[in-house]
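These are the residues of each chain, in order.
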Amino acid sequence: MFAKVKINNELLGILYMLLCQFSFATNDAFVKNIYQHYNEIFVLNQIIFIRGIFTLLFILLFLYIKKQLNFKLIFSSTELKIRGFLESLAALFFFIGIALLPFAKVYILLSMAPIILTAFGAIFMNEKVRWRRWSAVILGFIGVVVVVNPGKLEFGYYFIFPILAAIMLSIRDMYTKNFKKDYHSLQTAFMTCFVVTIFFGILSIYKFYDFTLKDIFILFISAFFLAMGYIFSIATIKIALVSVTSTFRYSVILWGIIYGYFLFDEVPSTNSYIGALIIIISGLIIISRQKQIGVIK
């Protein structure tokens, strides 16, 4: 007989975080794949719009299963609408980066989000950030310089887009901290996705593309992975401490490298690897320090 293997909450939380990052990266890879078929930046609007419709259907199903389908609460919330708008701007910058930059490089630069959030918390929210975390913030920006390699600028100034996305995500998270009501995570995910879908639906009016059935099917699968990313991220928070799982957010960089190599024939430069390592170390220092002072549990 096989012995039963018991998995504690911390290991399960780590597994969910790994699956979360895999799901998000897989979704993004499908988006980039369709973009490359058309190779026009405006096609991103229609891609995100159609994907958003499918994702909303998946989240609605999960809301129904969890008995959290409260449209009155969701659609009457100004807080969730503003959060959705901030997410829309982050998505706009992020997917421009996905389209124009190597896949892994976008994730490396996007990993600046928690580092930027630390700096913004000190500057705009009067949070006490002492020399250790400030040193980590500075180290993170050094990592960005290494990745960007300003002496060469192989991809021009497109690197600014994932950094802008990271800034918008930081602003979104700062805003979310001040929510007056406690929303279910799926309700937040639904309204965020709804606003993002409407945002890109409006932008897609500028130019319409005739998608094939294959494109639509790929977007359906992409939406499934996006929805699963939301579900696993919620499960991670509910089952394990943030301080335990946060480190494994950086696994998305690994998926970025793998997908970039096998799907898009991209080989990260030495600078990208070194810069990624510096940014990850910076993030880990911040996570460790936040755990010590009780900011995260």
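Analysis parameters
- Residues numbered from 1 in each chain as written.
- Predicted model: local features only at pLDDT ≥ 70, side-chain atom pairs only at ≥ 80, totals over all residues.
- Heavy atoms only, no water.
- Core = buried A, V, L, I, M, F, W, Y, C linked by side-chain atoms within 4.5 Å.
- Buried < 20%, exposed > 50% of the residue type's maximum accessible area, 1.4 Å probe, protein only.
- Helix = DSSP H or I, 4+ residues; strand = E, 2+ residues; numbered from the N terminus.
- Contact = heavy atoms within 4.5 Å.
- Expected span 1.5 Å × (residues − 1).
- Patch = residues over 30% accessible without salt bridge, like charges linked within 9 Å, V, L, I, M, F, W, Y side chains within 5 Å.
- Areas by Shrake-Rupley, 256 points an atom, 1.4 Å probe, with all protein chains shown as cover.
- Salt bridge = Lys/Arg side-chain N within 4 Å of Asp/Glu carboxyl O.
- UniProt positions renumbered as here; feature names shortened; annotations may be inferred.
- pLDDT = per-residue confidence, 0-100.
- Phe/Tyr/Trp six-rings, centres within 6.5 Å; stacked < 30°, edge-to-face > 60°.

What follows deals with the nonpolar core. I47, F94 and F95 are the most contacted members of the largest nonpolar core, which totals 65 residues. With 9 residues, the single largest contributor to this core is helix α4 (residues 78-100). Discounting residues that sit within four places of it in the chain, F95 has contacts with D28, V31, L44, I48 and R51. Formed by 16 residues, the second largest nonpolar core is a distinct cluster that contains I59, I74, A189 and C193.

This part takes up helix α2 (residues 43-65). The terminal C-alpha atoms of α2, which comprises 23 residues, lie 34 Å apart, in line with the 33 Å expected from a rise of 1.5 Å per residue. Residue K67 follows α2 closely and has a positive phi angle near 55°.

Structurally, the position occupied by I258 is in helix α12 (residues 251-264). Put simply, I258 and F95 are 163 residues apart on the chain and 18 Å apart in space, counted from C-alpha to C-alpha.

Right, let's talk about a nonpolar patch on the surface for a bit. On the surface, a nonpolar cluster with roughly 530 Å² of combined accessible area is contributed by L61, Y64, I65, L69 and F71. When residues in the nonpolar patch are grouped by element, the largest group, 3 residues, is from α2. Positionally, L61 belongs in helix α2.

Before going further, it helps to examine the side chain of E79. Within the secondary structure, E79 sits in helix α4. We classify E79 as buried; its relative accessible area is 14%.

Tracing the chain through its elements places D215 in helix α10 (residues 213-239). For D215, the contacting residues outside a window of four places in its chain are I34, H37 and Y38.

Residues annotated in UniProt with the feature "domain: EamA" (unreviewed entry) correspond here to residues 12-148 and 160-287. Annotation note: span residues 160-287, helix share 78%, strand share 0%, distance between end C-alpha atoms 25 Å.

In this model, the chain carries a mean pLDDT of 92, and residues with pLDDT of at least 70 account for 97%. Taken as a whole, residues 1-5 scores under 50 in pLDDT and shows 0 contacts with residues more than four places along the chain or in a different chain.

The geometry of an aromatic ring pair is captured by two quantities: the separation of the ring centres and the angle between the planes. Evaluation of the coordinates by the stated rule reveals 31 aromatic pairs. Ring plane angle 70° and centroid distance 5.7 Å describe the contact between F58 and F224, whose orientation is recorded as edge-to-face. Of this pair, F58 sits in helix α2 while F224 sits in helix α10; the two residues are 166 residues apart in sequence, bridging distant segments of the chain. The buried category is assigned to F58, whose relative accessible area is 16%. When the ring of F75 is compared with that of F194, the centres are 5.0 Å apart and the planes differ by 90°; the resulting orientation is edge-to-face.

Glancing now at the pattern of salt bridges. Side-chain pairing between opposite charges can occur once the charged atoms of the two side chains come close. A complete count under the given rule lists 5 salt bridges for this structure. For K177, the salt bridge identified is with E127, shortest N-O distance 3.6 Å. Linking K177 in helix α8 (residues 160-177) with E127 in the loop between α6 (113-124) and α7 (131-148), this pair joins segments that are 50 residues apart in sequence. When salt bridges with common partners are traced through the structure, they connect E87, R172 and D173 into a single cluster.

On to the environment of I123. Following the sequence through the fold, I123 ends up in helix α6. Placed 25 residues apart in sequence, I123 and I98 show a C-alpha to C-alpha distance of 29 Å.

The next subject is unusual backbone geometry. If a residue is not glycine, its phi is most likely negative; likewise, a peptide bond is most likely trans. At N39, a residue that is not glycine, the phi angle is positive and equals roughly 55°. Mapping N39 onto the fold places it in the loop between α1 (9-38) and α2.

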